[in-house]
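# Topology and contacts: notes
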Amino acid sequence: MKSNSVISFCERFVFRHRLAVIFVFLLATVFLCYKATQIKLDAAFTKNIPLKHEYMQTYLKHQKDFGGANNILISVCDTRGNIFNEEFFTSLKGVHDQLFFISGIDRIQVKSLYSPSTRFIEVVEDGFAGGPVIPADFQPTPEGMKIVKGNIEKAGIVGRSVSDDYSCAMVTAQLLDIDPNTKKKVDTITFAETLERDIREKYENDNISVHIIGFSKMVGDVAEGAKGVVVFFAIAIGITALMVLFFSKSILLTVLPIVCSLIAVVWQMGLLSVIGFGIDPMSILVPFLVFAIGVSHGVQMINSVGKQVAAGDDSKMAAQKSFNRLLVPGGIALLSDTVGFLTLLTIEIGIIRELAITASLGVAVIILTNLILLPVLMSYIKFSERFKANVSKPNHFADGVWQLISGFAKPVPAMIVILCVSVLFYIGHQQSKDMKIGDLHAGAPALHEESRYNQDTFLITDRYAISVDYMRVIVEAKPEACTYHDVMERIDRFQWRLENVAGVQSAISLASVSKRVNEGFNEGNPKWRTIPRNTQSLVQATSRVETSTGLLNRDCSVMPIILFMEDHKAETIERVVAKVKELKQEFDTDNIKFQLASGPVGVMAATNEAVAAAQEPMMYYVYGAVVLLCLLSFRSIRATIAVVLPLFVVSTLAQALMTKLNIGLTVSTLPVIALGVGIGVDYGIYILSSMVGLINQGKTIPEAYLAALRERGSAVFFTGITLAIGVSTWVLSALKFQVDMGILLTFMFLVNMLGAVIVLPAISAILWPKPKNKKK
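These lines cover the structure that appears in this document, whether it is placed above or below.

Cut-offs applied
Within each chain, residue numbers correspond to sequence positions counted from 1 in written order. With pLDDT at 70 or above as the cut-off, local features in this predicted model cover only qualifying residues; side-chain atom pairs require 80 or more to be listed or tallied, and sums for whole chains, interfaces and linings still use all residues. Only hydrogens and water are removed before side-chain values are computed, so all heavy atoms of the structure are retained for them. Only DSSP runs of H or I with at least four residues qualify as helices, and only runs of E with at least two residues qualify as strands; both kinds are numbered from the N terminus onward. Exposure is judged per residue with a 1.4 Å probe applied to protein chains only, and the accessible area is read against the type maximum: over 50% gives exposed, under 20% gives buried, and values in between give partly exposed. For the accessible areas, the method is Shrake-Rupley and the probe is 1.4 Å, while residue cover comes only from the protein chains on display. Neither His nor the chain termini are counted; the positive set is Lys and Arg, and the negative set is Asp and Glu. Charge positions are represented by NZ for Lys, CZ for Arg, CG for Asp and CD for Glu. Under this definition, polar contacts are N or O atom pairs within 3.5 Å; protein pairs additionally need one hydrogen-donor-capable and one acceptor-capable atom, and for neighbouring residues in sequence, both atoms have to be side-chain atoms. By definition in these notes, contact holds between two residues if any of their heavy atoms fall within 4.5 Å. A pair of strands is labelled paired if DSSP reports no fewer than 2 bridges between them. Fitted lines through C-alpha atoms serve as axes, helices being fitted only where they are in contact, and the angles separating the N-to-C directions of these axes extend from 0 to 180 degrees. Whether two aromatic rings pair depends on their centres lying within 6.5 Å, for rings of Phe, Tyr and Trp, where Trp uses its six-membered ring; planes under 30 degrees apart make the pair stacked, over 60 edge-to-face, and the rest tilted. A ring is scored as having a charge over it whenever the NZ atom of a lysine or the CZ atom of an arginine sits within 6 Å of its centre and within 35 degrees of its normal. Only a pair of cysteine sulfur atoms within 2.5 Å counts as a disulfide in this structure description. Expected helix span is taken as 1.5 Å per residue step, with the number of steps being one fewer than the number of residues. As used here, the arc belongs to the directions running from the helix axis to the C-beta atoms. The salt bridge definition used is simple: a Lys or Arg side-chain nitrogen within 4 Å of an Asp or Glu carboxyl oxygen. What sets the label is the angle itself: under 35 degrees gives roughly parallel, over 145 gives roughly antiparallel, 65 to 115 gives roughly perpendicular, and the rest give oblique. In a left-handed crossing the near helix is turned counterclockwise from the far helix by less than a right angle, and in a right-handed crossing that turn is clockwise. Classes in brief: Ala, Val, Leu, Ile, Met, Phe, Trp, Tyr, Cys and Pro nonpolar; Asp, Glu, Lys and Arg charged; the others, Gly included, polar.

### Considering the overall build of the protein
- Check the secondary structure of the protein and you find 26 helices and nine strands.
- Viewed in the frame of its principal axes, the protein has a C-alpha envelope of about 110 × 50 × 40 Å.
- The buried share of the protein, reckoned over its 776 residues, is 56%.
- Looking at the protein as shown, the accessible area adds up to about 33,200 Å², and 59% of this sits on carbon and sulfur atoms.
- Each charge sign in the protein was given a centre, from 72 positive and 67 negative side chains, and these centres are 14 Å apart.

### Side note on the side chain of His448
- Relative to the helices and strands, His448 is located in the loop between helix H16 (411-432) and helix H17 (452-463).
- Residue His448 is classed as buried on the basis of its relative accessible area, which comes to 19%.
- Engagement of the side chain of His448 in a polar contact is seen with the backbone oxygen of Ser733, the distance being 2.9 Å.
- With sequence-adjacent residues up to four places away left out, His448 is seen in contact with Asn454, Ser733, Ala734, Leu735, Lys736 and Val739.

### Focus on the sheet that holds strand S6 (residues 470-477)
- The antiparallel open sheet is built from four strands, whose spatial order is S7-S8-S6-S9. Here the strands that pair on one side only, and so sit at the sheet edges, are strand S7 (504-508) and strand S9 (592-598). Between one strand and the next, the sheet's axes are offset by a mean angle of 20°, whatever the strand orientation.
- With six bridges joining them, S6 and S9 adopt antiparallel strand pairing. What sits directly across from Ala477, in S9, is Ile592.

### Thoughts on the packing of aromatic side chains
- The full count for this structure, using the stated rule, is 17 aromatic pairs.
- Between Phe587 and Phe594, the ring centres sit 6.2 Å apart and the planes meet at 75°, which makes this aromatic pair edge-to-face.
- A relative accessible area of 1% means that Phe587 is categorised as buried.
- Judged by its relative accessible area of 0%, Phe594 falls in the buried class.
- Here a set of aromatic residues connected by ring pairs shows up, and it is made of Phe84, Phe88, Phe89, Tyr114, Phe138 and Tyr166.
- Here Lys93 stacks its cationic end above the ring of Tyr114, 6.0 Å away from the centre of that ring.
- Between the NZ or CZ atom of Lys478 and the centre of the ring of Tyr484, over which it lies, the distance is 4.3 Å.

### A few points about the environment of Ile531
- Among the secondary structure elements, Ile531 is positioned in the loop between helix H19 (510-521) and helix H20 (535-542).
- Remark: the alpha-carbon pair of Ile531 and Met488, spanning 43 residues in sequence, is separated by 7.3 Å.
- Filtering out sequence-adjacent residues up to four positions away, Ile531 remains in contact with His485, Met488, Glu489, Asp492, Ala511, Ser514, Lys515 and Leu538.

### Concerning the state of the cysteines
- Here the structure, examined in full by the defined rule, presents two disulfides.
- Two residues share a disulfide in this structure: Cys77 and Cys168, whose sulfurs sit 2.1 Å from each other. Handedness here is read from the sign of the S-S torsion; for Cys77 and Cys168, about 105°, the answer is right-handed. Here Cys77, found in strand S1 (residues 71-78), pairs with Cys168, found in strand S4 (residues 168-174); they are 91 residues apart in sequence, far enough to count as distant.
- Overall, the relative accessible area of 1% leaves Cys77 in the buried class.
- The exposure class of Cys168 is buried, given its relative accessible area of 0%.
- Each sulfur of the disulfide joining Cys482 and Cys556 lies 2.0 Å from the other. Of this pair, Cys482 sits in the loop between S6 and helix H18 (485-499) while Cys556 is found in the loop between H20 and strand S8 (561-565), placing the two residues 74 residues apart along the sequence.
- In this structure Cys10 is a free cysteine whose sulfur lies 18 Å from that of Cys260, the closest cysteine sulfur available.
- In this structure Cys33 is a free cysteine whose sulfur lies 15 Å from that of Cys260, the closest cysteine sulfur available.

### A word on the pairing of S6
- Burial of S6 is extensive: eight of the eight residues sit out of reach of the surface.
- Side chains of S6 alternate between two faces, with Tyr470, Arg472, Ile474 and Glu476 and Met471, Val473, Val475 and Ala477 buried alike.
- The pairing of S6 with S8 spans four bridges and is classified as antiparallel. Pairing of Val473 across the sheet is with Ile561, part of S8.

### Some thoughts on helix H2 (residues 18-36)
- Here H2 is 19 residues long and its end C-alpha atoms lie 26 Å apart, about the 27 Å a rise of 1.5 Å per residue gives.
- Of all the residues in H2, the buried ones are Arg18, Val21, Phe25, Thr29, Leu32, Lys35 and Ala36. Within H2, the buried residues cover an arc of 120° as seen down the axis, which keeps them to one side. Opposite the buried face of H2, at more than 90 degrees from it, the exposed residues are Leu19, Leu26 and Val30.

### Some thoughts on the pattern of salt bridges
- This model, assessed by the stated rule, comprises 21 salt bridges.
- One salt bridge connects Asp78 with Arg80, and the closest N-O pair in it is separated by 2.9 Å.
- Linking Glu204 and Arg452 is a salt bridge whose minimum nitrogen-to-oxygen distance equals 3.1 Å. Pair noted here: Glu204 is in the loop between helix H7 (188-203) and strand S5 (208-213) and Arg452 is in helix H17, with a separation of 248 residues, a long-range link.
- For Arg452, a relative accessible area of 37% puts it in the partly exposed group.

### Side note on the sheet that holds S1
- Taken in spatial order, the three strands line up as S4-S1-S5 in an open sheet, and their pairing is antiparallel. The open sheet is flanked by S4 and S5, the only strands paired with a single partner. Each strand of the sheet is rotated relative to its neighbour by a mean of 15°, with strand direction disregarded.
- Pairing analysis gives seven bridges linking S1 to S4, with the strands arranged antiparallel. Paired with Ile72 across the two strands is Ala173, which belongs to S4.

### Section: the packing of H2 against helix H13 (residues 350-378)
- Two elements in contact, H2 and H13, have axes separated by 10 Å at closest approach and are oriented at 130°. Taken as axis vectors, H2 and H13 run oblique relative to one another. H2 and H13 meet at a crossing whose hand is left-handed. Contacts between H2 and H13 involve Arg18, Val21, Ile22 and Phe25 from the former and Leu368, Thr369, Ile372, Leu373, Val376 and Leu377 from the latter.
- Classifying every residue of the contact of H2 with H13 by side-chain character gives eight nonpolar, one polar and one charged.

### Let's talk about the environment of Ser5
- Along the chain, Ser5 turns up in helix H1 (residues 2-16).
- Put simply, Ser5 and Val244 are 239 residues apart on the chain and 33 Å apart in space, counted from C-alpha to C-alpha.

### Focus: the packing of H19 against H20
- Close contact between H19 and H20 brings their axes to 8 Å; oriented N to C, the two are set at 105°. Between H19 and H20, the interaxial angle falls into the category roughly perpendicular. Residues Leu510, Ser514, Val517, Asn518 and Phe521 of H19 form the contact with H20, whose participating residues are Gln540, Ala541 and Thr542.
- Grouping the amino acids of the contact of H19 with H20 by side-chain chemistry returns four nonpolar, four polar and no charged.

### Considering H17
- Over its 12 residues, H17 runs 16 Å from end to end, which matches the ideal 16 Å to within 8%, given 1.5 Å per residue.
- For H17, the complete set of buried residues consists of Tyr453, Asn454, Asp456, Thr457, Leu459 and Ile460.
- Buried residues along H17 sit in contact with S1, S4, H7, S5 and helix H8 (215-226).

Have a look at this one:
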């Protein structure tokens, strides 16, 4: 009774002050629309990593000495197959110099053949000789080219700075988090645009090709592809409008729910701008989901108002009754969505937390726009007699469908449904056990294989012995540890064991370099390619290696082992990390520690482990929130089970689908399951809220379900099909992750809807075997 009086008070207050309500909404919409125009795409490397993970603590601890993982690799290639010509070296120098002066670049870390730190050492009669690979007096003559080629071979940088076939040369750099000039965060997307404009467009021609990879370039390409999301948003609005028009048979009833849903999107974007957030390219799809959820609840409202008008009420009374009837189930459904999305805040990865805030803000404002503003606007509509006649006209086809579907609420069909769902759940559960954590494809998983970025990745991986996919195992020891044979020998054995792990392309460390230097000190005899046991000889071998190589810090107390990987697929990373952990147990001592991890693949390993650790807790939190709100709404354990159980089955089947389609569980796909649960719960809550009242009046489950279908079945079917059609168009997207999300969301929209109309009544028939005594 208390809750009914609160709803009645809200109803009276809202509808007595309809013009004031509309005016307040208008002012808020104008203000937030202005703020929404100021929102920007915001992508940062640190948002994509779990900063509190133990690997990332190692990464941050040594970032100053060895750089971060936000690398840029630019391969400059001669299309004729030979770099030793004047045009190529002019272009290479131009790329090196241009990259050096781009704002946000760590200039100390810019390396290429033209870097002073790119040096060679050779054995001569008097001992050693060496210098820069490209001499200060270099001239691009045949003689000059011959000298440079010899220096490249002496430096041992073929496969790293120069491709194996001498067709390309590499320029590498690292991007800073904070621009030292502006003292602000580096704008990753602007940086990616600068690379295209100032490097690729400027230096690429018929003879020279430029290939750029790295996190910031990938994000830039994703942001470029994300512009196409606007087109898909427009397509979705168009499809939705046609479907709503077909459903409502009224232009006004088509326009109003779509306008209110778009207002929710505007409010969402405006509020993000107000609190100082941008929108990440990987979260660009969330506004569509907010629009979709808004339309879902809007259709329920226009369906209810239409039926009340057909029953003889005027528009204001119909709107008031619909407001009264739908405020609780709609509010509980939207609160379930909001709280479910907020549970993503427990995952300590910045981009997922931003997505949680973005989605929950959007869904929260739908409570205002579609459960309050929409019925107020509908109360001013003058419904024609023709409309009333169309709505009140008996639909024998629909009624026949409802009669057929209501059979699922009878005991025998219900048992058959439960049995079939149990079998599906078992099969899905077994399949979902094989779901992989992390990327399952080479290249950037957010982009299609044929994208320019991934083609550049494949070229660099193919022509060099290194790639952007590398991981550093950080070796921590005491100061001057590189002068102790036992320490260096232990590092060398550790490296050799890792080089023999499948997926490791090559490896380098101070230990392996010192062996080559020692060989040079002994007339280049391969027998001397060992770590000297004599301390003086070892000092002689290691002192030649500068800190700029990234193989040691200033006091030689930290010496990374750099592992160049074939790819960053989930199984490759998992295999290498598992081997490092195994060897760590064997090689760690009081004086030397082998720590995971740094470098791009080290970041990926930490992210994969964080996603794996967050998967189950996230589901517990999401379902915990839904269960709690269903209990508060229905005050019935049976009703809560009937709503939640189909959702759980669909979540499991969605994970099985991911396994089948080779979609890994990553930062971008982890939230999809939570989003699917949040949207899917709406169907069940609307249907069961109609059923519970009738069950309490003594109706049998089949009778109560048939009445619920007649009242809300059309809206539930319409919503599920319309939303599925809208997201199914995403398969045409230029972004691979949008294609994957489109497939998963289409599946979850449709199957959650089927779960609500088939599985929910079957469970209800088992949980309420006998009708309650009718109330007098």
